[in-house]
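# Residue-level structure breakdown
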Amino acid sequence: MMNREFIPFGQCQPPFFIGVDVGGTSIKIGCIDNRGSTFAFDEIPTRENEGPDAAMQRVTEACRGMLRPLGLSLAQIARVGLGTPGTMDVPKGMLIQPPNHPNWWNFPIRDCLSHWMQLPVSFANDANAAAYGEYWIGTGEKHASLIMLTLGTGVGGGVIVDGQLVHGASSAGGECGHVIVDSSPQARLCTWGGGRGHLEAYASASAVAAIAKERIAAGAKSLLSELPPPVTAKRVYEAALQDDQVSLDLIDETAFYLGIGVTSLVHAIDPGLVVLGGAMSFGGNSSPIGQRFLQKICKTFRELTFENVFEGTTIAFASLGGDAGYLGAAGIARQDYQRFLANSQGSAT
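The text that follows walks through the structure, step by step, so that each part is easy to find. What you see is a predicted model; the values in this text were computed from it and never measured.

## Thoughts on the sheet that holds strand β1 (residues 17–22)
Each strand in a sheet pairs with its neighbour through backbone hydrogen bonds, running either in the same direction (parallel) or in the opposite one (antiparallel). The strand order across the open sheet built from five strands is β3-β2-β1-β4-β7, with neighbouring strands paired in mixed fashion. Strand pairing shows two members of the sheet lacking a second neighbour, β3 (38–45) and β7 (121–125), which therefore form its edges. Across the sheet, the mean angle separating the axes of adjacent strands is 15 degrees when strand polarity is ignored. Across seven bridges, strand β2 (residues 26–32) lies against β3 in antiparallel orientation. Paired with Ile29 across the two strands is Asp42, which belongs to β3. With respect to the sheet, helix α2 (residues 109–117) is in contact with β4 (79–84) and β7, its orientation differing from that of β4 by roughly 145 degrees.

## What to know about the state of the cysteines
Within the structure shown, the criterion is met by zero disulfides. Of all cysteine sulfurs, the one in Cys31 lies closest to Cys12, which takes part in no disulfide; the gap is 9.4 Å. Just so you know, Cys112 is unpaired, no disulfide at all, and the nearest cysteine sulfur is the one on Cys63, 13 Å from it. Owing to a relative accessible area of 8%, Cys112 belongs among the buried residues under this scheme.

## A few points about a nonpolar patch on the surface
Where nonpolar side chains cluster on the molecular surface, the patch consists of Val161, Val166 and Ile269 and spans about 170 Å² of accessible area. Considering the arrangement of structural elements, one finds Val161 in strand β9 (residues 155–161). A relative accessible area of 32% means that Val161 is categorised as partly exposed.

## Quick look at the pairing of strand β11 (residues 273–277)
Across the five residues that make up β11, a large majority, five, are buried. Of the two faces of β11, the one lined by Leu273, Val275 and Gly277 and the one lined by Val274 and Leu276 are each fully buried. Sheet topology note: the strand β8 (residues 146–151)/β11 ladder contains four bridges and is parallel. Considered in β11, the bridge of Thr150 is made with Gly277.

Cut-offs and rules
- Residues numbered from 1 in each chain as written.
- Predicted model: local features only at pLDDT ≥ 70, side-chain atom pairs only at ≥ 80, totals over all residues.
- Heavy atoms only, no water.
- Pairing = 2+ DSSP bridges.
- Helix = DSSP H or I, 4+ residues; strand = E, 2+ residues; numbered from the N terminus.
- Axes fitted to C-alpha atoms, helices over the stretch in contact; angles between N-to-C directions.
- Contact = heavy atoms within 4.5 Å.
- Disulfide = S-S within 2.5 Å.
- Buried < 20%, exposed > 50% of the residue type's maximum accessible area, 1.4 Å probe, protein only.
- Patch = residues over 30% accessible without salt bridge, like charges linked within 9 Å, V, L, I, M, F, W, Y side chains within 5 Å.
- Areas by Shrake-Rupley, 256 points an atom, 1.4 Å probe, with all protein chains shown as cover.
- Salt bridge = Lys/Arg side-chain N within 4 Å of Asp/Glu carboxyl O.

Set out below in structure tokens:
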């Protein structure tokens, strides 16, 4: 679900920010005002094989193209936020080894975009940016802290404590998909990292598809065998809507492992709110399967935590959909801009 609501530029409240969300196949770019409202948007192909410098040039050209009809130039943008996937060094602005971007390894992407834009750039992991978007103007806007899990091909995440993103000493803060939910020797291997027993090995779209294929190959009778290939998490959802028991059981098991992961994360952070985002929501609040999924997660969490912690924690679906990344990136830029202004005023006095 998308929550992109455009407002006329004449109703915008300055200062203005740009949020950039780099994905495997496309890059989302939004121009945002000080309240988090989008007044211009574009989406361009990533073209990973052309490299990051070419991509950042095209991002800059797209930004100029969005601003020109509004009578704006890049010089009137306060700051840019950039969210990218994969391992990174946030303080240095470096991409390290993003799995889906092999031609972008070991690249100073923050400074590259700053060079082309001639603007200061704030840099974050894409899942952290999405978490900040939900914190700023999404499901978490009334909360000071939250944990967000993004359920997609893998399991990403972000942690915000008292309004501040947790980047961590190695820029790996919020890698919630790699918490251990099964310590047995036969635990499943993680989709990307190869670690055994990680949440991502049980609760990602890739894992759901892999487990479904294994069960069909083992002889389980399922509508999945009759639906058009390939077997995917979306196909599992579609079969579950038709009361396919194999699919329903698999969704329940996915919820069980998410409940374990949520419990471990909440016991470490106690944020008061856990947000579930990403493409694999099984229909979210608008579907009985999505509601069942959420209830099963809450049930496991309740069984594993303290009563007062359960009562003090909300688990809910994200509300910004695929827009959370660029909105959050812009929000991080806004926060850094406000910090810059506060420091400048402090220095002046």
